[in-house]
Amino acid sequence: MLLEILKSPDPRLRQKGSPVEAEPGVQELVQNLKETLLAQKDPEGVGLAATQVGRTERVIIVRELADEKKNRTEKVMALLNPQVLSQSFQTTKEYEGCLSVPGYYGLVSRAEKIKVTALEENGRPIKFRAEGLLARTILHEIDHLEGILFTDRAEGKLLSEEELDSLLQQNLSLNLRIVFFGSSRYSTLVAESLHNQPGLTLALVVSQEHQLSSQPPALEQFAQKYNLKHLRVAKLGKEETELIAEARPDFLITADFGLKIPPSLLQCPRIAPLNVHPSLLPKYRGPAPGPAAILQGERESGITIIQMDAGFDTGAVIAQERFPLDPQETAASFYQKAYELGAKRLHKVLLQMAEGKIVLRAQDNNQATYTSKISKVCGRVKWEEDSPDYIERMIRAYYPWPGAWTTIGELRKFYLKEAYLPQTSDPKRLKLLKGHLREGKLELAEVQIEGKKPISWRQFQAGHL
Ligand code: NI
């Protein structure tokens, strides 16, 4: 007997199933579910759960399609009380549909392999492994028994049949596996953008252990949010290398990571190891291109995607994009811009490289310039050496960290030009957060006394001078 399939938003689709035994009533339900599933033609279905026909038994039907390569014929299975015993860390992302949500498709990430236990319709207990589409179907149907629809899990917006077709024609057969290395919220910008692209899977996310901070790296929080496999490392030794190789990456990608990728790892991805660097390489190699470009008063910078080699930011250039620097640009806004642009470009680069459509261009080492790591001491204003416009650039280049700073005593002596008295040589640190130039002179607008909240210059003067 054919059963009516409930359509979302029917509230019965949100009911949970209860365990069953293999008794005649259940066997009849199984028979009807099978007939109903096989009667679905346009579109066909690969699975059906009892809750989709308004019943509350824990019964699902899944269809394993024929596969000539594996010499397998089509099979329709009934599983009673199905349970997932374990699932692989590796996930795949595919578009899914559902007979209860006709006409819509959504991108859902699920384990690639699972181990399942259930009863067959005759009551015999079975245990088996499933992978690929079959694993996905079983997980989807078990979700139904919990009142969960694929639309609850779908990333991004749902697509209509037409939209899905055109996407599939474009590129969906690709499933590129990525091991992503980073740490900061800028790394997370790039990782998140990759994660949202169909055809790409973040197989493993690696972040650098931060010795100074007790907070977990921003990238780790991202990995947890999306349930991605994650590794926090202080170094990249043999053990870490093995774990990374196990993820079978097509690409390694680093963005604001902080550790050098050792030669043994550069060999690991099937296609290439890539780095997103926020400068127009070969200019501003090294760890602090943002502050360096602002300090130099550059009008323009950019983002470069390179194929990593054994050097530091020396690899061949794959893609480069320019952006203008704003007169108010800070290191924070610089990196935000750069990595957003880099993320966008990176997606194109990955697809092109996967199709072998990329030309590499070596960097001209003679044009290279270098930046070095920033420390707190870099931000200290040298009032007797630094010009007002240089100090104004320092304020932006070192925002938010380490900040351009001075002591209150030095501020009084050099900026306010108060007669210098030993008793006013206040050694307390003061961060200069905002300032601008007026007729060649520096005018402070916002400051922060060490350990206190930021305040306007006016407030500072009112309270302290
Ligand atoms: Ni469904």
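Preceding block: the structure.
The rules behind each value
Residues numbered from 1 in each chain as written. Predicted model: local features only at pLDDT ≥ 70, side-chain atom pairs only at ≥ 80, totals over all residues. Heavy atoms only, no water. Pairing = 2+ DSSP bridges. Helix = DSSP H or I, 4+ residues; strand = E, 2+ residues; numbered from the N terminus. Buried < 20%, exposed > 50% of the residue type's maximum accessible area, 1.4 Å probe, protein only. Contact = heavy atoms within 4.5 Å. Salt bridge = Lys/Arg side-chain N within 4 Å of Asp/Glu carboxyl O. 1 Å grid on protein atoms, 1.4 Å probe; cavity = no way out; pocket = protein on both sides within 12 Å on 5 of 7 lines; lining within 4 Å. Points joined across faces, edges and corners; volume = space filled by probe spheres on them.

Thoughts on the pairing of strand β6 (residues 113-119)
Pairing analysis gives 5 bridges linking strand β3 (residues 75-87) to β6, with the strands arranged antiparallel. Each residue of the ladder has a partner; that of Ser86, found in β6, is Lys115. In this sheet, strand β7 (residues 125-131) lies alongside β6 in antiparallel orientation, the contact comprising 7 bridges. The residue bridging Lys115 from the neighbouring strand is Arg129, located in β7. In this structure, the hairpin formed by β6 and β7 is closed by a connection of 5 residues, where Gly123 is found at a positive phi of approximately 95°.

Structural notes on the environment of Ala293
Its place among the elements puts Ala293 in helix α9 (residues 289-295). What makes Ala293 buried here is its relative accessible area of 0%. In sequence terms Ala293 and Leu145 are 148 residues apart; their C-alpha atoms lie 57 Å from each other. Those residues in contact with Ala293 that lie beyond four places of it in its chain are Tyr284, Glu298, Leu325 and Phe334.

Observations concerning the pattern of salt bridges
Here the structure, examined in full by the defined rule, presents 31 salt bridges. Measuring nitrogen to oxygen at the nearest pair gives 3.1 Å for the salt bridge that ties Lys157 to Glu163. Taking the relative accessible area as the measure of exposure, Lys157 reaches 55% and is therefore exposed. In this structure Glu163 comes out as partly exposed when scored by relative accessible area, which is 34%. Of the charged contacts, one joins Lys434 and Glu446 as a salt bridge, the two residues approaching to 3.3 Å between their closest N and O atoms. One end of the pair, Lys434, is in strand β17 (residues 429-438); the other, Glu446, is in strand β18 (residues 441-449), with 12 residues separating them in the sequence. Exposure remark for Lys434: the relative accessible area of 46% places this residue in the partly exposed category. Salt bridges here are not isolated pairs; linked through shared partners, they connect Glu96, Arg110, Arg136, Asp143 and Arg153.

Overview of helix α5 (residues 185-195)
Counted residue by residue, α5 has 8 buried out of 11 residues, so it is predominantly covered. Taken as a whole, α5 has its buried residues at Tyr186, Ser187, Thr188, Val190, Ala191, Ser193, Leu194 and His195.

Focus: the environment of Val26
For Val26, the location among the structural elements is in helix α1 (residues 24-39). Relative accessible area serves as the criterion here: at 3%, Val26 is assigned to the buried category. Along the chain, Val26 and Ala404 lie 378 residues apart, while their C-alpha atoms are 73 Å from each other. Val26 has contacts with Val20, Glu21, Val59 and Leu80, leaving out every residue within four places of it along the chain.

Overview of the side chain of Thr330
Position of Thr330 among the secondary structure elements: in the loop between β15 (317-324) and α10 (331-354). On the accessibility criterion, Thr330 (16% relative accessible area) is buried.

Digging into the layout of surface pockets
Looking at the largest pocket, its volume works out to about 1700 Å³. Considering the residues around the largest pocket, the lining is formed by 50 residues, among which Ser184, His210, Asp256, Gly258 and Pro287 are closest to the centre. Contributing elements (two or more residues each) for the lining of the largest pocket: α5, β12 (251-255), β13 (272-277), α9 and α10. A total of 4 residues in the lining of the largest pocket trace back to one element, the largest contributor, which is α10. The space that makes up the second largest pocket amounts to roughly 1200 Å³. Lining the second largest pocket are 48 residues, and of these Val46, Tyr95, Leu133, Arg136 and Thr137 sit closest to its centre. Taken together, the elements giving at least two residues each to the lining of the second largest pocket come down to β2 (59-64), β4 (91-96), β5 (104-111), β7, α2 (132-145) and α4 (161-171).

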